[in-house]
Amino acid sequence: PRSDCIAAEQLCLLDSTCNGTYRILENCALAKTRFLPLDHDSRVQCLNAELDLGNSSLLHCKCHRRMKREEHCLRVFWTIHSSMTDGYFNLETSPYENPANEEHWKTDYNKLAALLSGKDCSQLARDATNPCLKATHVCNLSKKCVRLRTEYASICTKGAGSEDVCDRRKCHRGLRNFFEKVPEDFTKRILFCPCQDELCGERRRKTIVPNCSFQYSTKPNCLWLLDSCLEDHICKSRLADFQQNCQPADTSPDGCSQHSHAACLQAYMGMIGTPMTPNYVSNSSAEVSLWCTCENSGNEKEKCDQILGMFENNKCL
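Computed from a prediction, not measured in an experiment: that's the story for all the values here.

Here we take up the nonpolar core. One finds Phe178, Phe179, Phe242, Met276, Leu290 and Phe311 to be the most contacted residues of the largest nonpolar core, which totals 49 residues. Look past the residues within four positions of Met276 in its chain and what remains in contact with it is Leu225, Leu226, Cys229, Cys235, Leu239, Met271, Leu290, Ile307 and Phe311.

See below:
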C-alpha cells in the first residue's frame, strides 16, 4: 500500500542500506535546489541511488493535502524524485494523493444547506444579484471561514498606500492558510462565484487582494516566477499537481486529459498563495492569468509562452 512520505522516510532511516542511499539523494536534491552543476560521476551516483531504492516504499510515497507537516512530506518526495524532474516540463508527477481518495476534500452540501436555513435567508436573498457577495455572507456564517478570511485580508492590506505595499510572503501564507483550512464549501464559492456584471466581477477579482498577492509594480518575466516557484517545495508541488490535473486534451469533453474538471479547479486553488499565484485578469471576464510577461525572454521565449499559456489558453482550466 502507498504510504505517506514521512512514514516512508522513517522506515528508510531505520535500514542502514536505505539510509545511506537516501543521504546520497538528499545531497543530489540540495545541489539541484541551489543550481549547483553536478559533474558526470555525481549525476551517475544520483541516478544509481534512485534506482537502488527499487521497491522501497519511499519510491511510491505520496503526500496528502492539508496534512500536518506537509512541507516536510513534500521535501521527502522531491528528494526521491529530484533527478526525474529536469526542468519545467517534467513536473507531471504530482506529490499529492488523488483528491478523489481524500474524503475530507469532498463538499458537504448537507452541512451547507443547514447553514443557509433560517434567519440568514433574508440577507442572502438580497444578495441574489451578486453571487460573490452572497458567497461572502455564507462565509460569515462560519466562525473559521470569517476568522481566516479576515486574517489574510488584514495581512494583505497592511501598508497599502505606501511604496512597499505589503509583506507579500506573509500575505501568501495567509491565503494558503485560508484555502487549506477552510472547508471547500466556502472557499470554492468565494473564488468561483458566477458573475453577470462588473461589480460582481470586481469583488471576485479582489478575493485574493491582488495589489499584494498578485500584482507587482512592474510585471516580472514568467521565467523568473517559475524559478522562484521551483525553489519552494510547496509551490513546486502545487505546480506539479496543476500540471497533472489541468493538462488540456482536445478529445476530452471537459477539455482535461485527466477527465476531471473539478480536480483541475482544486489544483488551481492550490496555486493561490505561492510565488505563481494566478488571478482573474479583469472585472468583466472569467479569464485568469499569472502576473508576468514574456517580453525579453530571449531564446527561451517559447518556454515562457507555454508557462503563461497554462493559465491563459488552457481549455481544461
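Now that the structure has been shown, we can carry on.
On to the packing of helix α4 (residues 70–81) against helix α14 (residues 233–245). Packing of α4 against α14 brings their axes to within 9 Å, and their N-to-C directions diverge by 70°. Relative to α14, the element α4 is oriented roughly perpendicular. Relative to α14, the crossing made by α4 is left-handed. In this structure, α4 uses Glu70, Glu71, Leu74, Arg75 and Trp78 to contact α14, whose residues at the interface are His233, Ile234, Lys236, Ser237, Arg238 and Ala240.

The next subject is a positive patch on the surface. Taken together, the side chains of Lys158, Arg169, Lys170 and Arg173 present a region of like positive charge at the surface. Locating Arg169 in the fold gives a position in helix α9 (residues 168–181).

Considering all chains together, one arrives at 7 aromatic pairs under this definition. Note on Phe192 and Tyr268: the rings are 6.1 Å apart at their centroids and 45° apart in plane angle, and the pair reads as tilted. Residue Phe192 is located in the loop between α10 (184–191) and α11 (198–205), and its partner Tyr268 is located in helix α15 (residues 261–271); the two are separated by 76 residues in the primary sequence. For Phe192, a relative accessible area of 23% translates into the label partly exposed. Taken together through their ring pairs, the aromatic side chains of Tyr152, Phe178 and Phe179 make up a single cluster.

Moving on: the pattern of salt bridges. If you walk through the whole model with that rule in mind, you get 10 salt bridges. The partner of Glu180 in a salt bridge is Arg238, with the nearest N and O atoms 2.6 Å apart. Taken together, the positions of Glu180 in helix α9 and Arg238 in helix α14 put the pair 58 residues apart, joining distant regions of the chain. Residue class for Arg238 comes out buried when judged on its relative accessible area of 8%.

Conventions used here
Residues numbered from 1 in each chain as written. Predicted model: local features only at pLDDT ≥ 70, side-chain atom pairs only at ≥ 80, totals over all residues. Heavy atoms only, no water. Core = buried A, V, L, I, M, F, W, Y, C linked by side-chain atoms within 4.5 Å. Buried < 20%, exposed > 50% of the residue type's maximum accessible area, 1.4 Å probe, protein only. Contact = heavy atoms within 4.5 Å. Axes fitted to C-alpha atoms, helices over the stretch in contact; angles between N-to-C directions. Helix = DSSP H or I, 4+ residues; strand = E, 2+ residues; numbered from the N terminus. Parallel < 35°, antiparallel > 145°, perpendicular 65-115°, else oblique. Left-handed = near helix turned anticlockwise from the far one by under 90°. Patch = residues over 30% accessible without salt bridge, like charges linked within 9 Å, V, L, I, M, F, W, Y side chains within 5 Å. Areas by Shrake-Rupley, 256 points an atom, 1.4 Å probe, with all protein chains shown as cover. Salt bridge = Lys/Arg side-chain N within 4 Å of Asp/Glu carboxyl O. Lys, Arg positive; Asp, Glu negative; His and termini not counted. Charge placed at Lys NZ, Arg CZ, Asp CG, Glu CD. Phe/Tyr/Trp six-rings, centres within 6.5 Å; stacked < 30°, edge-to-face > 60°.

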